[in-house]
Structure formats: C-alpha cells, structure tokens
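Listed below, chain by chain, are the residues.
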Amino acid sequence: MQILQRWAFVSCLVLLCAGCGSATRPATDDAGGRSALAFKSDVCIVKDGVPNAVIVISENPARPRMVNLAALELQYYIEKMSGARLPIMNEPGTTHPVKIYVGRSVYTEDLGVTGGDLKFGAFRMEAGDNWLVLLGDDFDFTPPEPWNTANGDIPRARQEWDQVVGDRTDSAWGYAFNLLYKKFWNPRGFDDFIAERYGEDNVSVWNPRGLNWSREYQGAGGGQGFWEQDAGGSLNAVYALLRALGVRWYLPEEIGEVVPELKTVFLPDVSKTERPDYQLRTWLWYNYAGMNSAYETMGYASHAHGLARVHARKEMQEAHPDYYALLRDGKRDTEFRGTGHVCFSSEGFQRETINYARFMFDHYDEPLVSLWPQDGFHKCGCDACRQLSPSDLVWGFIDRVARELYQTHPDRLVTCGAYTPYIYPPDNVEKFTPNVAVWIANCGRPLMDDPVRWKAYWDRVEGWRAKVAPGNILRVENNRYGLGRKFPVIHPRNMARDLRALKGISRGERCEMAQSGGRWHSPGLDHLTLYTQARFLWDADQDVDALLDEYHRLFYGPAHAEMQAAFEFAEAIYSRSDVNDKRRCDPRNVPLPDRIRFMEMLQKARERAGDTIYGQRIQLIMDELPPLDTLRQELVEREKAGDPRAEAPVVTARHVSAAAAAEPQTFIPSYGARYKDEVPQIPTTFSVQWEAGALLFDILCHEPDMQNLQVAADVWEGDSVVLVLESPSHSYYQIEINPDGKVYDADRAGGGRVITRWASMAEARTEHGADYWRVTLRLPVAIVGREGAEGDPMNYVIAPELDSGAAWYFNLARRRKRPGLENQNYRDITAV
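Note that the structure is a prediction, hence the values are computed from the model and not measured. (Residues numbered from 1 in each chain as written. Predicted model: local features only at pLDDT ≥ 70, side-chain atom pairs only at ≥ 80, totals over all residues. Heavy atoms only, no water.)

J.: Before we move on, can you summarise the overall build of the chain with the specific residues and values?
T.: Of the regular secondary structure elements, the chain holds 22 helices and 37 strands. Across the chain, contacts joining residues at least 24 apart in sequence account for 73% of those joining residues at least 6 apart. In the form shown here, the chain has an accessible surface area of approximately 32800 Å², with 48% of it arising from carbon and sulfur atoms. (Helix = DSSP H or I, 4+ residues; strand = E, 2+ residues; numbered from the N terminus. Contact = heavy atoms within 4.5 Å. Areas by Shrake-Rupley, 256 points an atom, 1.4 Å probe, with all protein chains shown as cover.)

J.: Let's hear about the packing of helix α4 (residues 154–165) against helix α11 (residues 347–364): which residues, and what values?
T.: Here α4 crosses α11 at 95 degrees, and the two axes come no closer than 12 Å. In terms of orientation, α4 and α11 fall into the roughly perpendicular class. Between α4 and α11, the residues in contact are W161, V164 and V165 and F359, M360, H363 and Y364, respectively. Of the residues that constitute the contact of α4 with α11, the class distribution is six nonpolar, one polar and no charged. (Axes fitted to C-alpha atoms, helices over the stretch in contact; angles between N-to-C directions. Parallel < 35°, antiparallel > 145°, perpendicular 65-115°, else oblique. Nonpolar A, V, L, I, M, F, W, Y, C, P; charged D, E, K, R; others polar.)

J.: Explain the side chain of R774 residue by residue, including any values.
T.: Turning to its location among the elements, R774 is positioned in strand β34 (residues 772–783). A relative accessible area of 16% means that R774 is categorised as buried. (Buried < 20%, exposed > 50% of the residue type's maximum accessible area, 1.4 Å probe, protein only.)

J.: Run through the pattern of salt bridges, naming residues and quoting values.
T.: Counted according to the given criterion, the structure contains 42 salt bridges. Measuring nitrogen to oxygen at the nearest pair gives 3.9 Å for the salt bridge that ties D269 to K40. With a gap of 229 residues between them, D269 in strand β14 (residues 265–269) and K40 in strand β1 (residues 38–47) connect regions that are remote in the sequence. Between D698 and R774 there is a salt bridge, with its nearest N and O atoms 2.6 Å apart. (Salt bridge = Lys/Arg side-chain N within 4 Å of Asp/Glu carboxyl O.)

J.: Describe in detail the packing of helix α14 (residues 451–465) against helix α15 (residues 492–502), supporting the description with residues and values.
T.: Here α14 crosses α15 at 25 degrees, and the two axes come no closer than 13 Å. Here α15 runs roughly parallel to α14, going by the angle between their axes. For the crossing formed where α14 meets α15, the hand is right-handed. Each of W454, Y457, W458 and V461 in α14 lies in contact with α15, whose residues at this interface are R497, D498, A501 and L502. (Left-handed = near helix turned anticlockwise from the far one by under 90°.)

J.: Residue-level account of the sheet that holds strand β4 (residues 88–89), with values.
T.: Read across the open sheet, the six strands follow the order β4-β3-β5-β7-β6-β15; overall the sheet is mixed. The open sheet has two edge strands with one neighbour each: β4 and β15 (271–274). Pairing of strand β3 (residues 53–56) with strand β5 (residues 98–102) involves four bridges; the strand directions are parallel. Note on β5: the bridge partner recorded for I55 is I100. (Pairing = 2+ DSSP bridges.)

J.: Break down the sheet that holds β1 for me, citing the residues and quoting the values.
T.: Taken in spatial order, the three strands of this open sheet run β2-β1-β14, and their pairing is antiparallel. In the strand order of this sheet, the two ends are held by β2 (50–51) and β14, each with one partner. Here β1 pairs with β2 via two bridges, running antiparallel. Residue V46 lies in a different strand from β2, and its bridge partner there is P51.

J.: Kindly report on the side chain of Q734, identifying the contributing residues and their values.
T.: Mapped onto the fold, Q734 is located in strand β31 (residues 730–737). For Q734, a relative accessible area of 8% gives the class buried. Apart from residues lying up to four places away in sequence, Q734 is in contact with V722, L723, Y744, D745, A746, R748 and W758.

J.: If you had to explain helix α13 (residues 390–408) to someone new, which residues and values would you point to?
T.: Compared with an ideal rise of 1.5 Å per residue, which puts 19 residues at 27 Å, α13 spans 28 Å between its outermost C-alpha atoms and is within 8% of the ideal. Residues S391, D392, L393, V394, W395, G396, F397, I398, D399, V401, A402 and L405 constitute the buried set of α13. Turning to α13, the residues buried within the fold contact α11, α12 (383–386), β18 (413–418), β19 (436–441) and α14. (Expected span 1.5 Å × (residues − 1).)

J.: Account for the pairing of β18, with residues named and values stated.
T.: Of all six residues in β18, six are buried, a share of seventy percent or more. In this sheet, β19 lies alongside β18 in parallel orientation, the contact comprising five bridges. Residue pairing across strands places A418 opposite I440, the latter belonging to β19.

J.: Explain unusual backbone geometry to me, and be specific about the residues and the numbers.
T.: Here the residue pair E145 and P146 is connected by a cis peptide bond, since its omega of 0 degrees sits within 30 degrees of zero. Position of P146 relative to the elements: it lies in the loop between β8 (138–139) and α4. Each neighbour pair has its own omega, and for S731 with Y732 the value is 0 degrees, a cis peptide bond. You can see Y732 is positioned in strand β31.

Following this line, the structure appears as structure tokens:
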C-alpha cells in the first residue's frame, strides 16, 4: 500500500545517517565505513532461527516516539533476516537470556550507560556479557503556537500570529509557520499501516497511550504520527547495528533494501560513541522524513529567503512603500511573488528587520534567523543602491543588522545565502561579527571534477571563510537533476569530494531534492548520489570507491559489472561546460547517441539480471527514462529533418550602452514580422539592441482598431506579443506581454515541462497611440561565471557574456484577438 511505502522510507532516511561498520561475524570493515563491529563468539541474539533476546524499552508511555520506532524497526529487520521475532517488553524478564535495551530507561541507568552529550543524532552502543544498550538523544518535537494544520487553516493561524506579534511592528510581518504542518506525518491510515508493518501485538509500543487518530496534533505525545523534527539518536544506533549485520537501504520502498539471510545473529562486542562529521544533514522538500532533524541547528523557521517574512504582507507594503526597491519606471517593487523586493539602503527597513529578528529570538527562542532575500534578486534603483554591487548591497545590509543584534543576542545566528548575484564575499565588509553564518548555495556539484570549476568554487569557500567566524559556513545544494529525466546526472564521486573537503569547515547541508506528491520524483536516477551524500555527511573520510563497489555488488548481483560500467559511463558522459566558451551547461544536455548508448548498456544489464529483484531494480531506472526504441526513432527523424534553422531570417542586434538604452528612442534597424512567407495585412515591426547585461526588444504593433483592443488578466486570452527565446546556453524561455504591460513568463526547458515558477525579471513598458500599441522590453541576462547564473535556475535568462557574433534564436508572435480572426503567428527568426 502507498502509505506503507512512504513510511518504509521514513525509517530508511534516518538510517542513512547512521554510519557504522557493516559486517556479519567475523567482523570486516564496512565499505568505506568509519569502523566495524566485533561480535561475540558465544552469545547469540538469534540462534538457528529461534529468538534468544528481548528488546527492552522504558515502561513510561510518554517515552519519545523515535524510541518506539527504533524498537519496532529492530524487531522488524531481525525477523526479516532470521525469521525470529524478538519480543518488545518494558522489563527484561527471564524468558530470554540476552537483553537489548533501546533508548534510556531505569535499566540503562542501572547499567551506568547514560549517553552523555549525544547531539545531532549521535548515539552510544555498549555491550556487556549478555546485554546491549542502543541509545541516543531522543526527543519529541512540539510545534510553536500558532501553527496551521492545513492550508485552509492559515487565515486562523495568521490572525493569532498577528496577536502574538502585537506592537512589535506598526504594520504586519509574514506568518512564519505556514509550511510547518507538512513536516508532520499523520496519514489517515496510520493505524492500518503500523499494524501491517509491525503487528497488532505491538499496539502498546506504537500507540502506548491508546490514542485515536486525529488530523490535529494535540501537543507532545498527543495524537498519532511523527514530526520530521523528532530527534532519534536511538534509532540511529539501531540502524548502525543493522548495517553491521549487512542490511542496506539504497532507495525508498522494499525494492531498495538489501537484507541478508542470517539464521544465527551474534551479540556485538562493542563500547563506543559515534558522532556524525556534519551536524546538519537535511533534504528539503521531502515532507515525511529527513536525514536528521534540522531543528537542533536551525530552529522552527530558518528557511531560505526568510527576509521576505519581514516585507511580505500588504499591510507593510501600504504602510512603508519606501522599504521596497525602486524600479526603472519610478514605481516600488511590491508585487514580485506577492512579496516584492526591498531597498537595502532603507534605514527604516533595517530597523524593521532588527525588530523582527529580536522578536523571533525572544518569543520563540530561535537559535538563528534567516535574512536571506527573496528569490530573483532585483536591484533597487535609488541613488544609494545604484552605486553598489549586489554583494555589497545584500551583505552590507546583513552586516549592519547583525552588528545590532550581536549587542543584544550574541549567542544567536543571522544567516543569509551566498546566492545568485550576491554569491561572492562583499568588498565593503572586512570581517563579519561572530553571529553571521553564510549558506554557500548551488555550486554545481556534477561539474566539480572540472579543475577550473573546482578552483573557482573552492576560492569562493575560502573567501567566505576569511570573513565569517570559524564554523559559520553551511551548504545548500540543488539535487533536483532527476526532474529533467533525459539522462541521469550521477555524481557520487563529486559529492564525496566536496563533503570530504568541507569536513571541519561546514556545519552541514540542507539540500533540495526532486520530489513530487510527497515522494521521490525519480528514485532510480537519483538514489546512488543521494545515498552517497547521506553516508558522507556522517563519515566524510570513507573510501568512495569501496562504497560504490559494494553498492554495485549487493544491489545488482549477477549484473553488477554491467551496471557499474553503465553508471561510470553516465558519470563520465553527462554534459560539462567548456570554460573557454563561457557556456552554462545543464548536465542533462547529453547528445542523443550517448543517451542511446546508455540505454543499451542498461538493457544488457537487465538481460543479464533476468526476472529477479536485481532485474526489477534495473527496470526501475529504465522506466524513468525515454524508451530505447523512442530514442532510436528520434535519432532517425532528427537526421532526416536536418537543420530546421538553416534558412531562418537573420536579425542584427545593435549594441548600446546602458545609459543610451535607458533613453526613449526608436530602435534601429527595424524588421517586419511575417506570417508564413507573407507580410500580414496588419504589420508588426520590431528591433533588437543589447547592452552589457540585458537584451532589449522594441515591438510595434500596428492596430487600426484600437478601441477594440483586448486586454486580458491572464495575458494570453487577449491581445499580446509572445517572445520564445533560446540563448546559447538554454532552450527555451517564453515571455508574453499584454497591452497593459503585464508579463507572463515560463521556462519551457524541453521534454514538455513548463516551469511557471521561473521569472524572467523582464521590465516591460507599453505605449498606446491612435493606431498602434507598443512594447519595449528589457530582459536582464545572468552571465555564466558571474552574477550567480549557476545558482538560481528559477530566475533570469541564462547565457554567456553578450558579445558581438553570439547567436541567439527566437520566435516572435503577436496574438490579435478579434471575433472571427485567428491569431497571427510568425515564422522562426535568427538573431545574430
């Protein structure tokens, strides 16, 4: 059932963090692991398929939820590997000679095993003659008040939030916890799932208080379910033991498990405390679990783009328009994604931000506050902002705010992302106060085997290290390469290289991953890289080649050699940029013949594996990619079609300075758009210019019937002009403008995907005359290699440096909505 599959992955995710040895008796080193476990030769947990041990947990029904789960998972997997079902009890009893104590209890205290400082998922394993203790720092998360239980509950929670905020602001701040409810796993089928997986006989374990299902959470221990923020060090200890016995979890659901058959399971001979190399090990946008709880490090609401909470509300926009970025047309930017962009030189906004941060520190006891700006950075045009670089603007603001906060809250952190145009350390801040931490964002790990790219990335890391206090670096990375599904972007070695280098420098990672509907979007394509990330976040010094060799051998059995060859081919062949050409490459942009070759390699491995679990795992990967026959047919058709642009008209774009482009003028030369091979009866003319950081279009729509001009709120249902644009680095973007200057934009990315969250940041002006309407469009271009082009896939047209001789491709169309008339669409045009 689907719920079972989801929760099976919850346990798997926490498990991936627990990096202990992997061995059956006799002990051998885990592939790339930190250490192995030794096992006693004469004491068994299970002997010849018969249980010889009991699992003991505290009798207190308010014990942490993760302790319950840890005991259940230990029982489940021991039974799965040996056939023996170890009972779970609240006291040791005398029926089984070996005792396994999970989590803290009076019995672990009597044994003198207290755990000590076990933060961030660390755990302790301690064995005696006939007992074993597995424990960590376990606690139940309690959400802050107010919080909403669903989207429909946000208005009520926001109203309560405003009451809590009170007079800390003279207008209103954005409600901080609107997405928190997604971190609570409480499905309607909770009882059925738990009973199916762990047995009705365990009801006192998974529901110790006998509570009925409730959509709403009743406080710590109340209601059934699990919070992602729940901490489970004891669960990590259990998974470390299971790893030592040979269990592996490579991807979600049972198909991703490797569970050895062991009729006899020996008791480990161990005394150790295991701590992760990185305290923060979290994947964003997977709402049912994470590699660990980010709560210990980051608190409740330390998300990216947290500064938007200060200025998101309409009340703030109406009360303080001077807080917002000044646009080229003299208006204030209050509309972008409902929050607008801010003026970083505004002293009033600086005071507002300080008030907000102190409120979060004082009222919610937050360990840090995110002052990361809204996505799609838009530079304010006021005199104070205009003269500064984006890095100096953003980080100068962070520095001023942080220095004020350091006076009152020196033990709290202020965080911001080194992102898009402000990825580099600022020139106007020599050294930040100790309360500033930087998120180094989206650095393109798949391409880190390129020496030039690696040097540029590491120079940036060192630049930030020189400006922030030791330990105040964090990482955030976009792992969502599986969304394109044209070619697998498998990069475990680059992942390992980065995490090995960052050990002792970075506190850890909060990374995005491809998900859809609360599940992994493409587990077949993504799992190996993500598994490597999870393991190296725990133990960065392990041998990545040993880890990969073990993975291929265990996961693909008789087809391991073929799959290793296929994956190494994929890792070597995905698209890398030519640094000298200054191009931004999507790693999924792989030539069609190489994609066909990879599918042929998978097909060979599939045939070798046959109709087995190994074959099913290979088929899962194949099912996430276009079929081999489809790719072969596409290649035939492409070769037959030739180059469709060979005879396209050529347009020359004139270069102008930014100052000249800002002056009203008639662009020259001008070109007439055509319908098929004919000039339309109602002409449309256009011209193109370019400046250092932008492409400029002037589109003149002749219109004899201006009184019936159709202007639609959704842009495309009325009159409009449409620009479909392919830069030398990306295919393709759509920008559509109506006669009132409203813009619809989307990244069409290929493969039928339409990414409407993408924003061109285009500045459109319109003009209406007696017999025409006109659009002048300024399209900012994020230049590869600077201005954060690599790090912000959701904003800006991405392209190499604009220069003479660069070829761009575009279609220009005009929609003319009149009764009885069809839209007028124009042929391909090439701009040089």
